[in-house]
Structures are given as structure tokens and as C-alpha cells.
Amino acid sequence: MSERYRKQILFDGLGETGQERLCRSRVVVIGCGALGSVILELLVRAGVGFVRFVDRDFVELSNLQRQVLYDESDVAHKLPKVIAASQKLAKINSEIILEPIVQDVTYEGILDLIRDVDCILDGTDNFETRFLINDAAVETNTPWIHAGCVGSHGQVMSIVPRQTPCLRCLMPEIPDAGSSETCDTAGVIGPAVNIVASLQVVAALKILSGQQQLIKSELTIVDVWDGTLRNLSMDSLNAGNTCPCCSKGERLWLHGKSGSQTSILCGRNSVQVSPGSRSKLILVDLAKKLADSGIVQQNAFLLTLSPFDSVHELTIFTDGRAIITGTEDPSEARSLYARYIGL
């Protein structure tokens, strides 16, 4: 075994057997932003043998405050996040097989991404992709580690199909558009990201080293500003086998029956994004939430946002529908929708 992992092997929780398992294991990290970049570095340094990582975005200056794998050179070259990450990770550990994929994760391709891995790690920034991951993980019986981080707080939940509750046991439906905070409306600090991602990797190391029995049915909630950490038992969730996903076999996101729909508006350099379930947005409340993100104008029927750090404009209607001007790329439009409206 490589001298590289000697200190890790000395840890009783892993030992040489656990390290050997890590070196043979395969993971996929979906999303390579704040959480994803920390996750990737920790996995590669720990010696996880094969790491696939997927992201649709490129590196921007505002990423550098918390996305630890990237630097100003990546911004200057406008590199896709997975390419920039791959270049850094290869220098950290040349023994690891890296598979960077520049791709939007959709129901049409997710099974190919997770088909041959032992664990999925959630580095995403939106509920729609998380619910898709949950469907695919339950369908293929693949463990996955869910997390989210906004402001100074975050949450982590390890999901082992047939052993623990799934994400839909915790949240039967995606929160309404505009009802949840995002990093672009509430901000986020780097220490929160690092702690939440570290908790995810701890859970992954347990699974990948062959100690899946150590995974508990818990939701961990941490706030680094307050200095608090709580573990909430999830044992009572789905006690009556009522979950539509893990108990009744429903796969709405995996089968493309739920999720936002996009359409390119011909001749307008715009994409319309329609959430999978219509909701009544309160524009006054949304305007307050977006006030620090850009120039906001509002009337009784719609709200427009011109973000400070973007050339795009978002026109948002009371039914949750939005027209994103300045792009004809549906993937980019969905990303902007998730950043500012939340889904």
C-alpha cells in the first residue's frame, strides 16, 4: 500500500483493509461547485480509485470565495468546472482514475452516469436534480449522500436504498419556486461549505470501505455561525411504507414526468423555463429576496431581475414561469433559474 495513505491506514476506522477497498471503489460526484469541489479534493486525497464528476457550468470570479479547486487562471480562461477540477486533481493524486464530464444531468442520461459506481455524492444546487438523483439511486439500489448549504448552515443525509429513508420520505415534493433560499439570494460562507462537504465524505468513506452498516437514518443540520450541530433521527419516516418513491416505485423525475420544462423563444435570444408544478409566487416577497442580487422591477403581473454579475435578464411570472433573456441554451437558463428563483 502506498506511503501516501499511511496516516489514513493508521486510523482504526479504516485500516489497511478499508484503504484497499477505497482504492478499488468508484464514485460519481454530481455538481462541481462549492460542495462538489471540496468533496472531489477529499476523495482524491483519500485514494478513492475512480472518480467521475459531472457539471454543466464554467468557473466565474464569484466562485473563488468558496469553490476550493479553482483560481483566477481558470476564470480568465473561462474553463468548464470539471476541466479545471481535473487539472488540479491530477496534480494531487496521479494514482486516481479521473473522468470529468461537461454535461447537464437530466433524466435521459443519469443512469449512464451512475451505472457502475458504488456511491453518488450530491454537489448540486437545486432540488430538481436532487430528486432526479434520488429516483435513479433508488432505482439502481445505489447509496447516495445528499447535502445542501446556504448562508452559514447546511444539512447532510445519507441515503442507502432498502436501509434508510430516501429524500422523498423527507420531502415528498419539491418546494415551491421562490420559497427556498439560494446562495445567490442569501449568500454562503466558505467554512459552512467545507464542513458540510466533509460530513458527506465521511459518510462516503464508511460506505466505500465496506462499512455501510455504520450509516444511520439521520439528518444532520449544522450552523457554523451559531456553532451548532444536530442529528435528527429519520427512523419514523416512511414507517407505514407510504413513500411514493422507495415504497411504491414512483419515478416521476427519472421518467421525465416531473421537472422544469424549457423552450427556446425563436428570434428573441431567450429561453422560457416552466417549473414542473405551477405555484403562486408572491412577487413582493420575491422582490425583497432578490433586492441584493440585481436591479429589480415589479408590477402586479411580473418581476424582472437584471443581476449585477450577469448580462442576462430574468422575467418572472406569478405562476413560477420565467423568461431568461441573453441565452438560447436551456441548460444555462435552468442554471440561472435555480440560482435566483430556486427549484
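None of the values given here were measured: they were computed from a predicted structure. (Residues numbered from 1 in each chain as written. Predicted model: local features only at pLDDT ≥ 70, side-chain atom pairs only at ≥ 80, totals over all residues. Heavy atoms only, no water.)

Asker: Could you clarify how one ought to interpret the side chain of His312 in this entry?
Answerer: Of note, His312 is situated in the loop between strand S12 (302–307) and strand S13 (313–317). Within the structure, the side chain of His312 is placed 2.6 Å from the side chain of Ser310, a separation counted as a polar contact. A polar contact of 3.5 Å, which involves the side chain of His312, links it to the backbone oxygen of Gly326. Ignoring anything within four residues of it in the chain, the contact list for His312 reads Leu305, Ser306, Pro307, Ile324, Thr325, Gly326, Thr327, Glu332 and Leu336. (Helix = DSSP H or I, 4+ residues; strand = E, 2+ residues; numbered from the N terminus. Polar contact = N/O pair within 3.5 Å; in protein donor to acceptor, adjacent residues only side chain to side chain. Contact = heavy atoms within 4.5 Å.)

Asker: When you look at the sheet that holds strand S6 (residues 153–159) in this model, what are you seeing that I'm missing?
Answerer: Note: strands within a sheet are paired through backbone hydrogen bonds, in either parallel or antiparallel orientation. Taken together, 8 strands build an open sheet; the order of strands is S3-S2-S1-S4-S5-S6-S7-S8 and the sheet is mixed. The strands lining the two open edges of the sheet, one partner per strand, are strand S3 (97–102) and strand S8 (228–233). Strand-to-strand twist across the sheet, computed as the mean angle between neighbouring axes with direction ignored, equals 15°. For strand S7 (residues 218–223) and S8, the ladder comprises 6 bridges, and the chain directions are antiparallel. Bridged to Glu218 within S8 is Ser233. (Pairing = 2+ DSSP bridges. Axes fitted to C-alpha atoms, helices over the stretch in contact; angles between N-to-C directions.)

Asker: Help me understand the packing of helix H3 (residues 34–46) against helix H10 (residues 190–208) in this model?
Answerer: The description of two helices packed together rests on the angle between their axes and the distance between the axes. Across the interface, H3 lies against H10 with an axial gap of 9 Å and an inter-helix angle of 45°. Between H3 and H10, the angle falls in the class oblique. Read as a crossing pair, H3 and H10 show a hand that is right-handed. Every residue of H10 that contacts H3 at Ala34, Leu35, Val38, Ile39, Leu42, Leu43 and Ala46 is listed here: Val193, Asn194, Val196, Ala197, Ser198, Gln200, Val201 and Leu205. (Parallel < 35°, antiparallel > 145°, perpendicular 65-115°, else oblique. Left-handed = near helix turned anticlockwise from the far one by under 90°.)

Asker: Looking at this structure, I do not really get the side chain of Thr164. What am I missing?
Answerer: Mapped onto the fold, Thr164 is located in the loop between S6 and helix H8 (167–170). Owing to a relative accessible area of 10%, Thr164 belongs among the buried residues under this scheme. At 2.8 Å, the side chain of Thr164 and the backbone nitrogen of Val160 are in polar contact. Excluding residues that lie within four positions of it along the chain, Thr164 makes contacts with Ser158, Ile159, Ile215 and Ser217. (Buried < 20%, exposed > 50% of the residue type's maximum accessible area, 1.4 Å probe, protein only.)

Asker: Quick question: what am I supposed to make of the state of the cysteines here?
Answerer: Note: disulfide means a covalent bond formed between the sulfur atoms of two cysteine side chains. Tallied over the entire structure, the rule returns 0 disulfides. Summary of cysteine pairing: Cys166 is not part of a disulfide, and the nearest cysteine sulfur, belonging to Cys243, is at 3.6 Å. (Disulfide = S-S within 2.5 Å.)

Asker: What should I look at first to understand helix H2 (residues 15–24) in this one?
Answerer: For the α-helix, the turn length of 3.6 residues means that residues three or four positions removed from each other point alike. Within H2, burial applies to Gly15, Gly18, Gln19 and Leu22. Buried residues along H2 cover an arc of 100° about the axis, so they all sit on one side. More than 90 degrees from the buried face of H2, the exposed residues found are Thr17 and Arg24. The secondary structure elements touched by the buried residues of H2 are helix H1 (6–9), H3 and H10. (Arc of directions from axis to C-beta.)

Asker: What is the right way to look at the pattern of salt bridges in this model?
Answerer: Any two side chains of opposite charge can pair, on the condition that their charged atoms come close. Considering all chains together, one arrives at 16 salt bridges under this definition. A salt bridge links Asp116 to Arg26; the shortest N-O distance between them is 2.9 Å. Of the two residues, Asp116 is situated in the loop between helix H6 (110–114) and strand S4 (119–122) and Arg26 in strand S1 (residues 26–30); the sequence distance between them amounts to 90 residues. In this structure Asp116 comes out as partly exposed when scored by relative accessible area, which is 27%. Between Asp116 and Arg52 there is a salt bridge, and its shortest N-O distance comes to 2.9 Å. Placement of the pair is Asp116 in the loop between H6 and S4 and Arg52 in strand S2 (residues 50–55), with a sequence separation of 64 residues. A relative accessible area of 1% means that Arg52 is categorised as buried. Each of the salt bridges in this network shares a partner with another, and the network as a whole consists of Arg26, Arg52, Glu99 and Asp116. (Salt bridge = Lys/Arg side-chain N within 4 Å of Asp/Glu carboxyl O.)

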